[in-house]
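# Per-entry structural report
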Amino acid sequence: MELTGAEILIRCLQEEQVEHVFGYPGGAVLFIYDALFRQDKVKHVLVRHEQAAVHAADGYARSSDKVGVALVTSGPGLTNAVTGIATAYMDSTPMVIISGQVPTGAIGEDAFQEVDAVGITRPCVKHNFLVKNVKDIAPTIKKAFYLARSGRPGPVLVDIPKDVSNHKTTFTYPASVTIRSYHPAGNGDSAQIRHAVQMLLEAKRPMVYTGGGVVLSGASAQLIDLVRLLGAPCTNTLMGLGGFPASDKQFVGMLGMHGTYEANMAMQHCDVLLAIGARFDDRVIGNVEHFAQIPRKIIHIDIDPSSIAKRVKVDVPIVGELKPVLDELLSVLRGGKLTPNTTDMAAWWKQVNEWRATGGGMRYKNSSEIIKPQFVIETLHQVTGGDAFVASDVGQHQMWTAQYYKFDKPRRWINSGGLGTMGFGLPAAMGVQMVNPGATVACVTGEGSIQMNIQELSTCKQFRLPIKIVALNNGYLGMVRQWQEFFHGNRYSETYMNALPDFVKLAEAYGHVGMRIDKPADVEPALKEAFARKNDLVFMDFRTDPTENVFPMVPGGRGLSEIILAEEL
Amino acid sequence: MRHIISLLMENEAGALSRVAGLFSARGYNIESLSVAPTEDPTLSRMTIVTSGSDAVIEQINKQLNKLIDVAMVMDLSEGEHLERELMLVKVRVEDGAREKLKHAADVAGGRIIDTTEHIYTIELTGSCAELDNFLENIGRNLILETVRTGASGIGCGERILKL
């Protein structure tokens, strides 16, 4: 029997076990929406803006091991989605985005709602396709899912012209897929792995530094075993939090611009650095020349060869899937006779613990008068038992959450690390809640970020998503204000958020529960009450200290040991 | 340092712009780029002449390999290779210079493929440096127009880039 392109597309999604698609209809996707209407296996989540559709699919994928799927129309539908696509690309989220396109005959004629989707998205997708023939839909969707989830994951866009979605052909879903020009890495090189083990065991000051790759590849168990065997300190990047349990005594906290003192100092002063699924980016190691001042051997394991030796020189590169590489590393370690030198390790830990005694440089002085944002996050951690999924927006609140919400499990911390997209939090939390029904989901945000996708409160109502919004409202675009205070002579150019809405009324207008919290003593009761409301979305508007800054801080362009600690200011 | 990189990629719409976009997005130099289908019409062969430090060239190779449509990449400059570029150059022929120009073309292995009373069009193949030399020799003030294909490169002997 022949099916239309739109029907074939939906059948493909069914074959890929897709349960939820986040999207927004429009002219070019009318046939696809009609095909969605006439089945009930793939459920559609109607967002209120296409950017939110992509962020929601992103949060969906990050908090599960599934591929997120978004569906948007041509032209503005696609351009609205671009920020979401770029966000997913920077953080390597496996995603398939389907966009409608004007009919093939109209392409290039500046037709209504026409935009070159493949051209616009090219620099921010793993790959993209324009499907010109209905026969190509099934093989293309098969390829898109394969590309999205294999190798270094990423978003893949499939652009489907309207007429193609209405042409007919027979449907068969390919059982397997091979792309002759695409060969994602598998196992690592055994000789390099043995070399790495040797180097690690001979190290006097070994250090393990891991990024989002560990979370994405599900290699946490292997990482924990490895860190235990090596006895080394372990740090996570912003994207890597939860990859190693924050409550473990070998964990020295997050590193980087707002990382702990001990993580940054240990990173700077180690003699052998094992980097796993991380990419030495500017927010992580700061100034490259400064980082290279102290010689250290670097072992770098990553699935993407282009991440290796991009910013720093690497002594032992290992390209491969993290799980098999770490498994092999572990078996070599266990099979060998050598163990770490206990005297060296004791001296190294003595040093690390001295750095640690500074309290990580992220002390804050709590107050009984005004709510400190750090206190809200610490209390959030306590009230949720440290076991919530926490989606975040971008800014000071994001850093405080990374610092004070001690993530013990992977895939619980959902934030836009690479692109730093304000407005990510709420839609991402929707995706998290859709794929983890019944789980506790918090969205930590600020009064700036939340207004970038506030319309999604409506989606949350329609789909009964009981997200708990923790808004740290300090009346400023806090992170920018902080930089203006430090580096621009206190000239707070356009960072004061004037004319804020009454968030309690706003939440109520959307049919949710709103709370305003002004006093430190009310923080814990409010959080407890909110999280007890299992079926309600609760918007908590915490009025926090507008002068609070994120510490420690490695100023942009500076070295890791040039870190500014809280008590110095 | 100057590098000449050859690659095989899917002969599909948009594949060229993926490579060109990569170079502009990451700020890599591109001296010339030439591309055409191979004996297998589903594959295109591209030759890129670029320059950069060893680290930059390593990244260029890795980033090219990362493109899904790119099947194979070879840095020809890492070993023995040949490179040829085709140039068509139109020159003004001044009285008395006719023989001199013919001779220059002969010596360089070029051919005069179009003539009018005052204009010669010369076809010449060689390395980029040889073409540059030829232009210097005949004198830039006589040149009316030049068109060059950019280098095409191939490895020597057993060095073969094939799927």
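Bear in mind that the values here come from a model prediction, so they are computed numbers and not experimental data.

### Quick notes on the sheet that holds strand β2 (residues 32-37) of chain B
Residue and element names in this part refer to chain B. Taking strand neighbours across the sheet as the criterion, the four strands line up as β2-β3-β1-β4 in an open arrangement whose pairing is antiparallel. If you trace the sheet from one side to the other, it starts and ends with β2 and β4 (70-75), each paired once. The sheet shows a mean angle of 15° between the axes of neighbouring strands, taken without regard to direction. Pairing geometry for β2 and strand β3 (residues 43-51), over six bridges, is antiparallel.

### Observations concerning the layout of surface pockets
Space inside the second largest pocket adds up to approximately 610 Å³. Around the second largest pocket sit 25 residues that line it, and A:Phe129, A:Leu130, A:Val131, A:Lys132 and B:Ala13 are the ones nearest its centre. Of all the elements in the fold, those that place two or more residues in the lining of the second largest pocket are α5 (117-121), β6 (127-130) and α6 (137-149) of chain A. A total of four residues in the lining of the second largest pocket trace back to one element, the largest contributor, which is β6(A). Taken together, the residues of the lining of the second largest pocket sort by class into nine nonpolar, six polar and 10 charged.

### Description of the interface of chain A and chain B
Taken together, the contact pairs 16 residues of chain A with 17 residues of chain B. A combined buried area of about 1,500 Å² lies between chain A and chain B, and 47% of that area is made up of carbon and sulfur atoms. In this assembly, chain A and chain B are joined by three salt bridges. Here A:Arg180 and B:Glu10 are joined by a salt bridge, their closest N and O atoms 2.7 Å apart.

### Some details on the pairing of strand β20 (residues 538-543) of chain A
Residue and element names in this part refer to chain A. Judged by how many residues are buried, β20 sits mostly within the fold: five of six residues are covered. Relative to β20, strand β18 (residues 468-473) runs parallel, the two sharing six bridges. Bridge assignment links Lys 468 to a residue of β20, and that residue is Val 538. With five bridges joining them, strand β19 (residues 513-517) and β20 adopt parallel strand pairing.

### Quick look at the domain arrangement of chain B
Residue and element names in this part refer to chain B. Segmenting chain B into domains produces domain 1 (2-78) and domain 2 (82-152). Taking the mean C-alpha position of each, domain 1 and domain 2 sit 29 Å from one another. Contacts between domain 1 and domain 2 engage seven residues on the former and six residues on the latter. Counting the surface domain 1 buries against domain 2, the share from its top three residues, Arg 2, Ile 4 and Ser 34, is 59%.

### Thoughts on the pattern of salt bridges
One pass over the full model with this rule turns up 36 salt bridges over all chains. Salt-bridge contacts for B:Glu31 lead to B:Arg2; the nearest nitrogen and oxygen are separated by 3.7 Å. With B:Glu31 in the loop between α1 (15-25) and β2 and B:Arg2 in strand β1 (residues 2-10), this residue pair connects regions lying 29 residues apart in the sequence. The exposure class assigned to B:Glu31 is exposed, which follows from its relative accessible area of 52%. When salt bridges that share partners are traced, they join A:Glu7, A:Asp34 and A:Arg38 into one network.

### Digging into helix α21 (residues 523-532) of chain A
All names here are of chain A. Among all positions in α21, only Val 523, Ala 526, Leu 527, Ala 530 and Phe 531 are buried. All buried residues of α21 lie within an arc of 120° about the axis, which places them on one face of the element. Looking at the buried positions of α21, the neighbouring elements they touch are α15 (373-383), β17 (441-446), β18, β19 and β20.

### Structural notes on a nonpolar patch on the surface
All names here are of chain B. Nonpolar side chains collect at one region of the surface, where Leu 86, Leu 88, Ile 113 and Val 147 lie side by side and expose about 290 Å² of accessible area between them. Relative to the assigned elements, Ile 113 resides in strand β6 (residues 111-115). Classification of Ile 113 as partly exposed rests on a relative accessible area of 40%.

### Describing unusual backbone geometry
All names here are of chain A. Residue Pro 552 follows Phe 551 across a cis peptide bond; omega there is -5°. Examined against the element boundaries, Pro 552 turns out to sit in the segment after β20. Although it is not a glycine, Arg 411 sits at a positive phi angle of roughly 65°. By the secondary structure assignment, Arg 411 is in the loop between α16 (396-404) and β16 (413-414). With relative accessibility at 18%, the residue Arg 411 sits in the buried group.

### What to know about empty space enclosed by the protein
All names here are of chain A. Across all of its chains, the model carries one cavity of 30 Å³ or more by this definition. By volume, the largest cavity is sized at about 40 Å³. Looking at the largest cavity, the residues that line it are Gly 256, Met 257, Asp 282, Arg 283, Val 284, Ile 285, Gly 286, Val 554, Pro 555, Gly 556, Arg 558 and Leu 560. Looking at the lining of the largest cavity, its residues break down into six nonpolar, three polar and three charged.

### Observations concerning the packing of aromatic side chains
Given two aromatic rings, one states the distance between the centres and the angle between the planes to describe the pair. Summed over all chains, the structure comprises 17 aromatic pairs over all chains. With a centroid separation of 6.0 Å and 85° between ring planes, the pair formed by A:Trp348 and A:Trp355 is classed as edge-to-face. Overall, A:Trp355 belongs to the buried group, its relative accessible area being 8%. Taken together, a centroid distance of 5.9 Å and an interplanar angle of 80° make the contact between B:Phe23 and B:Tyr28 edge-to-face.

Rules used in this analysis
- Residues numbered from 1 in each chain as written.
- Chains lettered and ligands numbered in written order.
- Predicted model: local features only at pLDDT ≥ 70, side-chain atom pairs only at ≥ 80, totals over all residues.
- Heavy atoms only, no water.
- Pairing = 2+ DSSP bridges.
- Helix = DSSP H or I, 4+ residues; strand = E, 2+ residues; numbered from the N terminus.
- Axes fitted to C-alpha atoms, helices over the stretch in contact; angles between N-to-C directions.
- 1 Å grid on protein atoms, 1.4 Å probe; cavity = no way out; pocket = protein on both sides within 12 Å on 5 of 7 lines; lining within 4 Å.
- Points joined across faces, edges and corners; volume = space filled by probe spheres on them.
- Nonpolar A, V, L, I, M, F, W, Y, C, P; charged D, E, K, R; others polar.
- Contact = heavy atoms within 4.5 Å.
- Buried area = accessible area lost by both parts, 1.4 Å probe.
- Salt bridge = Lys/Arg side-chain N within 4 Å of Asp/Glu carboxyl O.
- Buried < 20%, exposed > 50% of the residue type's maximum accessible area, 1.4 Å probe, protein only.
- Domains from an automatic or database assignment.
- Arc of directions from axis to C-beta.
- Patch = residues over 30% accessible without salt bridge, like charges linked within 9 Å, V, L, I, M, F, W, Y side chains within 5 Å.
- Areas by Shrake-Rupley, 256 points an atom, 1.4 Å probe, with all protein chains shown as cover.
- Phe/Tyr/Trp six-rings, centres within 6.5 Å; stacked < 30°, edge-to-face > 60°.

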